[in-house]
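# Breakdown of the fold
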Amino acid sequence: MSQIVLKNIDKFYGSNHVLKNLNLTVNDGEFMTLLGPSGCGKTTTLRVIAGLEKPQNGTIEMDGHLVVNAKELYFEDPGKRGMNLVFQSYALWPHMTVFQNVAFVLNVQKVPKEETKRRVMDALERMRIEQYADRSPSELSGGQQQRVAIARAIVSQPKVLLLDEPLSNLDAKLRIDMRSEIKRLHHEMGTTIVYVTHDQVEALTMSTRIAIFFEGELEQVAAPMDLYQNPISLRVADFIGNPRINFVEGQAKRDEDGGLVVTSSLGRMSFTADCLTDELPAQSSFDVVLGIRPEKIGICSQNGDGAIAASVYATQPAGSETTIHLKMGDDSVVLAKEMGIRNYAVDQVVHVKIAPDKLNVFAKETGRLIKMAVPD
């Protein structure tokens, strides 16, 4: 296992500032996912860690050992960092068998023949492809080839495993299968993993923690459910979640006890000071944006305390769940999600209930989280 510490990393490509004062710690044995939209800097971060790119500023340490000091122009050789990288493309040698592909790095290291055979077969068994040892890559499916690439990366027992969107070339079913295999592999080996993806489902289901990037800056680092339930900003909230989060504008006022009273199309809600963050604006009143996850919206046919009338705009049943588009009184449309198949008629009047403790409140001017949701 290995800890990686990046401090004040800046990376430029010409005049393009790709990484901006990046500070990030990946803990021993952690599965850290770098997540964000295309062009946000996550792959560049991985390549800087691997030593394939040199930053113009900052330092990188592994287990307290300095491997990069950009100011002093010190960059430890990538081959000495104890890392292996799995690329988006499988990069297998077509003229070699599966066994030979995986054994290649051990042969370069002059590992004894019997030890090489044992470690290669162990790696293939971990990836459940030992029966394909004598086949060529062209005889394998895309998912099988990706397993070979991962087996090749783990056979040398690296301190850190770096994976750059390794599942993006697979179809939906294979991606689900490979997510479980990689997660199981991490559990069994305990290796520190840094994983790059733009797929939020991969990040939420596999990671110990997620680092989310926007435009070369690190926006938030948190455990998956902490990130989902309490995104630090509007753009994190908007990026995470499928179906998307609902945003409803409102107005907020401080009360005499240090709490907050918010008025919106969802009604009047009061929040105590203990659920508010340090990002709370200094003004006594200000504009806010409420964030409500679709599964936190309850739909009932009867009116009740705190219920809000709405009409069904459209429904999207997907077998295991149904997404319902609801039109509120102010003509805004919100998304609700219910498990299983639910049948609602278009324009059917329903009543919506929202638990105030399950929603987020953001300051509209800054976009920062000012009221946290209570975790499930």
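A few points on the structure.

## A word on the sheet that holds strand 13 (residues 260–264)
Ordered in space as 14-13-12-15-21-22, the six strands form an open sheet in which the pairing is antiparallel. If you trace the sheet from one side to the other, it starts and ends with strand 14 (267–271) and strand 22 (369–371), each paired once. Adjacent strand axes in the sheet meet at a mean angle of 40 degrees, parallel and antiparallel pairs treated alike. With two bridges joining them, strand 21 (residues 360–363) and strand 22 adopt antiparallel strand pairing. Looking at strand 22, one finds that Val-361 is bridged to Lys-371.

## Concerning helix 1 (residues 42–50)
The buried fraction of helix 1 is high, at seven of nine residues. Three or more residues of helix 1 are buried, namely Lys-42, Thr-44, Thr-45, Leu-46, Val-48, Ile-49 and Ala-50. Directly beyond the C-terminal end of helix 1, a positive phi value near 95 degrees is found at Gly-51.

## Section: unusual backbone geometry
Of the consecutive residues Asn-242 and Pro-243, the connecting peptide bond is found in the cis state with omega at 5 degrees. Looking at the element boundaries, Pro-243 is found in the loop between helix 8 (234–239) and strand 12 (246–254). With a phi angle near 60 degrees, Arg-128 is a residue other than glycine that sits in the positive phi range. With respect to the helices and strands, the residue Arg-128 is situated in the loop between helix 3 (113–126) and helix 4 (142–154).

## Description of the nonpolar core
If you look at the biggest cluster of nonpolar residues, it comprises 34 residues, and the most contacted ones within it are Val-102, Leu-124, Ile-150, Leu-163, Ile-182 and Tyr-195. For this core, the secondary structure elements donating two or more residues are helix 2 (98–108), helix 3, helix 4, strand 8 (160–164), helix 5 (172–189) and strand 9 (192–197). Tallying contributions element by element places helix 4 first for this core, with six residues. Discounting residues that sit within four places of it in the chain, Ile-182 has contacts with Phe-31, Ile-150, Leu-163, Leu-167, Tyr-195 and Met-206. Membership of the second largest hydrophobic core comes to 32 residues, among which are Phe-286, Val-288, Met-328 and Tyr-344.

## Digging into the pattern of salt bridges
The full count for this structure, using the stated rule, is 19 salt bridges. With a closest N to O distance of 3.6 Å, Lys-11 and Glu-53 form a salt bridge. Taken together, the positions of Lys-11 in strand 1 (residues 4–13) and Glu-53 in the loop between helix 1 and strand 4 (57–62) put the pair 42 residues apart, joining distant regions of the chain. In this structure, Lys-11 and Glu-53 share a single accessibility class: buried. A salt bridge links Arg-128 to Glu-181, with the nearest nitrogen and oxygen atoms 3.5 Å apart. Placement of the pair is Arg-128 in the loop between helix 3 and helix 4 and Glu-181 in helix 5, with a sequence separation of 53 residues.

## Brief notes about the sheet that holds strand 4
With antiparallel pairing, five strands are arranged side by side in an open sheet as 2-1-4-5-6. Whereas interior strands pair on both sides, the edge strands pair on one side only; in this sheet they are strand 2 (16–26) and strand 6 (74–75). Pairing geometry for strand 1 and strand 2, over seven bridges, is antiparallel. Looking across to strand 2, one finds that Tyr-13 is bridged to Asn-16. Sheet strands in contact with helix 1 are strand 1, strand 2 and strand 4, and its direction is about 115 degrees off that of strand 1.

What counts, and at which threshold
Residues numbered from 1 in each chain as written. Predicted model: local features only at pLDDT ≥ 70, side-chain atom pairs only at ≥ 80, totals over all residues. Heavy atoms only, no water. Pairing = 2+ DSSP bridges. Helix = DSSP H or I, 4+ residues; strand = E, 2+ residues; numbered from the N terminus. Axes fitted to C-alpha atoms, helices over the stretch in contact; angles between N-to-C directions. Buried < 20%, exposed > 50% of the residue type's maximum accessible area, 1.4 Å probe, protein only. Core = buried A, V, L, I, M, F, W, Y, C linked by side-chain atoms within 4.5 Å. Contact = heavy atoms within 4.5 Å. Salt bridge = Lys/Arg side-chain N within 4 Å of Asp/Glu carboxyl O.

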